[in-house]
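Here is how the chains run, residue by residue.
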Amino acid sequence: MTRLLYLECTAGISGDMAAAALLDAGASEEVVRRALDSLDVEGFAVEISRVVKSGLDVCDFAVVLDAAHENHDHDMAYLHGRGHSHDGGEGTGHHRGPREIEAIIDGATMTEEAKATARRIFELVAQAEARAHGVPLGDVHFHEVGAVDSIADIVAIAAAVDDLNVDGVVVTDLPCGRGTVRCQHGLIPVPAPATAFIAEACGLPLTPSTVEGELVTPTGAAVAGALRTQGALPERFTIQRIGMGAGKRAYDTSGILRAMIVEPLV
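So, here's what we can say about the structure.

Cut-off values and rules
Residues numbered from 1 in each chain as written. Predicted model: local features only at pLDDT ≥ 70, side-chain atom pairs only at ≥ 80, totals over all residues. Heavy atoms only, no water. Helix = DSSP H or I, 4+ residues; strand = E, 2+ residues; numbered from the N terminus. Buried < 20%, exposed > 50% of the residue type's maximum accessible area, 1.4 Å probe, protein only. Contact = heavy atoms within 4.5 Å. Areas by Shrake-Rupley, 256 points an atom, 1.4 Å probe, with all protein chains shown as cover. Arc of directions from axis to C-beta. Polar contact = N/O pair within 3.5 Å; in protein donor to acceptor, adjacent residues only side chain to side chain. Salt bridge = Lys/Arg side-chain N within 4 Å of Asp/Glu carboxyl O. 1 Å grid on protein atoms, 1.4 Å probe; cavity = no way out; pocket = protein on both sides within 12 Å on 5 of 7 lines; lining within 4 Å. Points joined across faces, edges and corners; volume = space filled by probe spheres on them. Nonpolar A, V, L, I, M, F, W, Y, C, P; charged D, E, K, R; others polar. Pairing = 2+ DSSP bridges.

**Regarding the overall build of the protein**
Across its full length, the protein holds seven helices and 13 strands. Of all 266 residues assigned to the protein, the portion counted as buried reaches 53%. Once local pairs closer than 6 in sequence are excluded, the contacts in the protein between residues at least 24 apart make up 75%. For the protein, the exposed surface amounts to about 11600 Å²; the carbon and sulfur share of it is 49%.

Quick look at the structure:
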């Protein structure tokens, strides 16, 4: 029987929302933690818990950074040009390039399929950031703060999807919020340039929304673009499992990503 993963992104999608929803839909926490524990990365821990979001009991996936790595907006402040530190100084601070991050992914304890998924997600983010900042891909350097958080999210998602062992992934329209969001370099329009470039590259359909705020992050768009195999649900299907993942930001939406395992009915 065909099993499909449906990511219902009506309230948006981010890395932590996706990881939480997939775990809640039945992905093995043991498998995900094994992959995370194997990473050649320091300064973080992962907390998986239950929280109440919009009155609903949902899963929360939180990458907790130590004091040396803490970043107050993990998905927006991670890109720096070559030779720039987190505080804007020259030549200080630890940065990771795409090749270094790919090596970290390659060294993770997970299947080759999961590693390929993680590389694809990160590649989409790196290519979009390179385009947004007008630099060659090899010159894209992610500050350690954002890199740690993003690597953990992406590896968790890749390991979880692989563990669910689905035959395809359905992602319908992504909501396009409005307004601006603050990043390392100041205020930028929503959707963030990297998010928009990923949507363009992957042909992701966007639906305008009246909600002020960033509903789809670059990592969330990359997850949707890398995993999506079809853009519409079957005409008839049954639901086998439901998972709900909490977002961290407070917008005028539920702030929940719902992941459903569905089986088409002939």
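**Considerations on helix α2 (residues 29-37)**
Every buried residue belonging to α2 is among V32, A35 and L36, and all of these are buried. Buried residues in α2, looked at end-on, bunch into an arc of 100 degrees, giving them a common side. Exposed residues pointing more than 90 degrees away from the buried face of α2 are listed as E30 and D37. For α2, the side-chain oxygen to backbone nitrogen distance between the N-cap and E30 is 3.2 Å, and the N-cap itself is S28.

**Quick notes on helix α3 (residues 98-106)**
The set of residues buried in α3 consists of P98, I101, I104 and I105. Buried residues of α3, seen end-on, are gathered within an arc of 120 degrees and therefore sit on one face of the element.

**Some words on the pattern of salt bridges**
Inspection of the entire model under this criterion finds 14 salt bridges. Between R258 and E8 there is a salt bridge, with the nearest N and O atoms lying 2.8 Å from each other. Placement of R258 in strand β13 (residues 256-264) and of E8 in strand β1 (residues 4-8) is noted, with a sequence separation of 250 residues between them. Look at E8 and you get buried, because its relative accessible area is 16%. Taking the shortest distance from any N to any O, the salt bridge between E123 and R120 comes out at 3.2 Å. Here the residue E123 and the residue R120 both occupy positions in helix α4 (residues 112-133), the gap between them amounting to three residues, near one helical turn. With a relative accessible area of 35%, R120 lands in the partly exposed category. Connected through shared salt-bridge partners, D16, D60 and K248 make up one network.

**A short note on the side chain of R96**
Position of R96 among the secondary structure elements: in strand β5 (residues 95-96). Polar side-chain contacts of R96 include one of 3.3 Å to the side chain of E100.

**Some thoughts on empty space enclosed by the protein**
Within this structure, the stated rule accounts for one cavity of 30 Å³ or more. Put simply, the largest cavity is a space of about 50 Å³. P175, G177, V190, P191, T195, A196, A199, L206, L215 and V216 are the residues that line the largest cavity. It is helix α6 (residues 193-202) that provides the largest number of residues to the lining of the largest cavity, a total of three residues. Looking at the lining of the largest cavity, its residues break down into eight nonpolar, two polar and no charged.

**Side note on the environment of L265**
For L265, the location among the structural elements is in the segment after β13. A relative accessible area of 38% places L265 in the partly exposed class. In contact with L265, other than residues within four places in its own chain, are R236, F237 and T238.

**Overview of the pairing of strand β2 (residues 44-53)**
Where β2 meets strand β3 (residues 56-65), 10 bridges bridge the pair, whose relative direction is antiparallel. Residue pairing for β3: I48 is matched across the bridge by F61.

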